[in-house]
Amino acid sequence: MTRKKRKMIIENNDEAIRKLLEEPVTKGVTAHFDEICSIPHSSGHEKALADRLRTFLESAGCTARTDASGNVSAYLPASQGYENAPLLMFQGHLDMVCAVGDGSGYDPLTDSIELLAGRDIDGTPILHTSGRSSLGADDGIGLAAVLWLFDRAADGGIRAAKHGPLKVLMTVREEQGLHGAESTRKSLFDDVDFLVNIDGFTAGRFITASAGGRREVFERASESVPTGRIVSGADTGAASAFEIRIRGLLGGHSGFDINKKRINGAAFICRLLADIRDAGVDYALCSLDSGMAHNVIPSSADAVIVFEKGQEELVRDVARMTLAAAKADATDDEGDFEILEVPVPELAVSRTIRDGILDFVNSTTVGVVKYMEHFKDIVDTSCNLGRIWAAPDRETAHVMFFERSIDRKAHDAVIKEHADAAEKTGFNLIVVDEYGSWEFDGRNPLLDAALAAYEEATGEKGEPYAVHIGIEPSVFYGDNPKMYMVSSGMNVHDPHTVNERCDIETIAPFANTLLNLTARVADMKKEPQR
């Protein structure tokens, strides 16, 4: 790219880091990354960076285009003698999550990223920021490695190297639900044999499968009734009202953390309320609320219930027993409850709504459903209960799930479980948002080539892997299930935060792996797609 000269700050004038940054491959990749950092490119605002990268790819000999969504794609013909090699595509995303430090005054739309080199707490050499913003190594450092590959000045650029036909795809709005990938023309992949996604966060790890996802919202019309219709003492002062607060749960990401056996706040409050009901307390449910989003494990929950006086200790005892049972199943000692006596509300939801939402939730599986056959420690199928609410002042009661799966049969079983439970309890599915999975293939020649290329670059063995989250290859697999794919990258820590950092020592090995892989693919025989 046409570089803006910016002097990287090396903390404490660390000479060892300075020498590390002068290593030719590392120097070349970080120069491209520094320019990426100089151009604001938060999700939805990628155009300036897209234009710059397109211009660079054209200068490197590519034919490039920008589609209606802003995705940039490019094609480079094979070097002489390698025209019949498999077509290899490098793919990453242009956007970043631009976290802003408290009180920093940083503006993601106008301010560049200040790039620093220093050491992590354990002494590891890292690229990072001053804390005013996130680093954007997700996925800027991967893009920089691809740009280096096309700009190897030492031998005249990639046009002077051995390679088959190449494509590059850089998508927009990956961080906002894979929108750029979803909008990419399917025909772009028709001739692609191999796709390398460069959005990995762990050096030496080669992802070969990822979960699909399905967001569901169920609702039913709410019914508001006077509290005294359910608890007669509510009208005569012979009733008590408790606000039950669940706090201190660890929560987490429903893809990364679902296997950690954490207590789901929404599932727990529904289990607790059902246990209180089943213990003989015919209470009025005046409010129920837990969770914030489909893909977040709820870390808190709140409910207000009204019941006949004299049952206070029974309610407390049930709460203690239900929490103890939940903690016994959890990996960490998390969570506690607080019960506050509050004034008796005038309105509640009907018994039908109360029992409907509790029975719906408690008849579904929340957490891990099954693990993968090929990677025993990696979740294949799971379901997160992300959000629930019911209250007399709301028109509807809501239940929100996020199901993730690679195995289609397991996926279908979870969806059927939800549909059956909804039908029995009067809920209707009103929103579905779904993307497909990328299925594992043990006969992946691209994986074999990538592992060999990594070992050639580092002398170390790479690790085949799978992930329980949605990544862009999940979308592309649906566009062309016949092409082989891998996803890899450098060590990137704490993405989407102002503490984001990239291990400098993993930059050159990854870039050299891409170079070695390009040469290996050029020597491969193009075979009919699967």
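(A) A look at the environment of methionine 96. The topology assignment puts methionine 96 in the loop between β4 (88–93) and β5 (116–119). Methionine 96 gets classed as buried once you look at its relative accessible area, which sits at 3%. Each residue touching methionine 96, except ones within four places of it in the same chain, is listed here: His41, Ser42, Ser43, Ile113, Ser134, Leu135, Gly136, Asp138 and Glu175.

(B) Layout of empty space enclosed by the protein. Inspection of the entire model under this criterion finds 7 cavities of 30 Å³ or more. There is about 70 Å³ of room inside the largest cavity. Lining the largest cavity are 13 residues, with Gly212, Ser405, Arg408, His411 and Ser437 sitting closest to its centre. Mapped by element, the contributors of at least two residues to the lining of the largest cavity are β10 (212–221), β21 (396–405), α10 (408–425) and β22 (428–435).

(C) Main features of the sheet that holds strand β6 (residues 125–128). Read from one edge of the open sheet, 5 strands run β1-β5-β6-β26-β25, paired in mixed fashion. Looking at strand neighbours, the two that pair on one side only are β1 (9–10) and β25 (492–493), the edges of this open sheet. Examined bridge by bridge, β25 and strand β26 (residues 501–503) share 2 bridges and lie antiparallel to one another. By the bridge assignment for β26, histidine 493 is matched with arginine 501.

(D) Focus on the layout of surface pockets. Roughly 960 Å³ of internal volume is contained in the largest pocket. Looking at the largest pocket, it is lined by 35 residues, and the ones nearest its centre are His253, Phe256, Ile469, Gly470 and Ile471. Contributing elements (two or more residues each) for the lining of the largest pocket: β8 (194–200), β9 (205–210), β21 and β23 (463–467). Its residues assigned to classes, the lining of the largest pocket comprises 14 nonpolar, 13 polar and 8 charged.

(E) Main features of the side chain of serine 133. Along the chain, serine 133 falls in the loop between β6 and α4 (137–149). By relative accessible area, serine 133 is classed as buried at 2%. In this view, serine 133 contacts Cys98, Ala99, Gly101, Tyr106, Ile113 and Val498; residues no more than four positions away in its chain are not counted.

(F) Spatial organisation of the nonpolar core. Of all hydrophobic cores here, the largest spans 71 residues; its most connected members are Leu127, Ile141 and Phe150. Among the elements that take part in this core, α4 stands out by supplying 9 residues, more than any other. If you look at the next biggest cluster of nonpolar residues, it comprises 47 residues, including Ile269, Leu272, Val315 and Ala421.

(G) Here's a closer look at the packing of aromatic side chains. Evaluation of the coordinates by the stated rule reveals 9 aromatic pairs. Between the aromatic rings of phenylalanine 206 and tyrosine 454, the centroid separation amounts to 5.7 Å while the plane-to-plane angle is 70°, which identifies the pairing as edge-to-face. On the criterion of sequence distance, the pair formed by phenylalanine 206 in strand β9 and tyrosine 454 in helix α11 (residues 445–458) is long-range, its members being 248 residues apart. By the burial criterion, phenylalanine 206 is buried, and tyrosine 454 matches it. For the ring pair phenylalanine 375 and phenylalanine 440, a centre distance of 5.3 Å and an interplane angle of 85° mean the geometry is edge-to-face. Of this pair, phenylalanine 375 sits in the loop between β19 (367–371) and β20 (379–390) while phenylalanine 440 sits in the loop between β22 and α11; the two residues are 65 residues apart in sequence, bridging distant segments of the chain. A relative accessible area of 13% means that phenylalanine 375 is categorised as buried. Here phenylalanine 440 falls in the partly exposed class, since its relative accessible area comes to 23%. Aromatic rings pair up to connect Phe218, Phe360, Phe401 and Phe427 into one cluster. Taking the ring centre of tyrosine 283 as reference, the NZ or CZ of arginine 354 above it sits at 5.0 Å.

(H) Main features of the environment of aspartate 355. Turning to its location among the elements, aspartate 355 is positioned in helix α9 (residues 351–362). Residue classification places aspartate 355 among the partly exposed positions, given a relative accessible area of 22%. As a C-alpha pair, aspartate 355 and valine 342 span 13 residues in sequence and 23 Å in three-dimensional space.

(I) How the structure looks around the environment of alanine 266. Take alanine 266: it is sitting in helix α7 (residues 265–278). On the accessibility criterion, alanine 266 (0% relative accessible area) is buried. When near neighbours in sequence (up to four residues on either side) are disregarded, alanine 266 contacts Ser290, Pro298, Leu385 and Ile388.

Definitions and limits used
Each chain has its residues counted from 1, running along the sequence as written. Only residues with pLDDT of 70 or above have their local features reported here, since the model is predicted, and side-chain atom pairs are shown and tallied only from 80 upward, although totals for entire chains, interfaces and linings are computed over all residues. Side-chain measures were taken over the full set of non-hydrogen atoms in the model, leaving aside hydrogen atoms and water. Put simply, DSSP H or I for four residues or longer makes a helix, DSSP E for two residues or longer makes a strand, and each gets a number counted from the N terminus. We call a residue buried when its accessible area falls under 20% of the maximum for its residue type, exposed when it is over 50%, and partly exposed in between, using a 1.4 Å probe and counting protein chains only. Throughout, a contact is declared for two residues whenever any of their heavy atoms are within 4.5 Å. For cavity detection a 1 Å grid was placed over the protein atoms alone, and a set of points counts as a cavity when a 1.4 Å probe fits there but cannot get out; an open set counts as a pocket when protein lies on both sides within 12 Å along at least five of seven lines, with lining residues being those that have an atom within 4 Å of a point. Grid points are joined across faces, edges and corners, and a volume is the space filled by probe spheres set on the points. Any two strands between which DSSP finds at least two bridges are classified as paired. Each residue is assigned to one class: nonpolar for Ala, Val, Leu, Ile, Met, Phe, Trp, Tyr, Cys and Pro, charged for Asp, Glu, Lys and Arg, and polar for all the others, Gly among them. Among buried residues, the Ala, Val, Leu, Ile, Met, Phe, Trp, Tyr and Cys ones that are joined through side-chain atoms within 4.5 Å form a nonpolar core. Only the six-membered ring of Trp is used, alongside the rings of Phe and Tyr, when aromatic pairs are assigned; centres must lie within 6.5 Å, and planes under 30 degrees apart are stacked while those over 60 apart are edge-to-face, with the rest tilted. Only Lys NZ and Arg CZ are tested; either one counts as a charge over a ring when it is within 6 Å of the ring centre and within 35 degrees of the ring normal.

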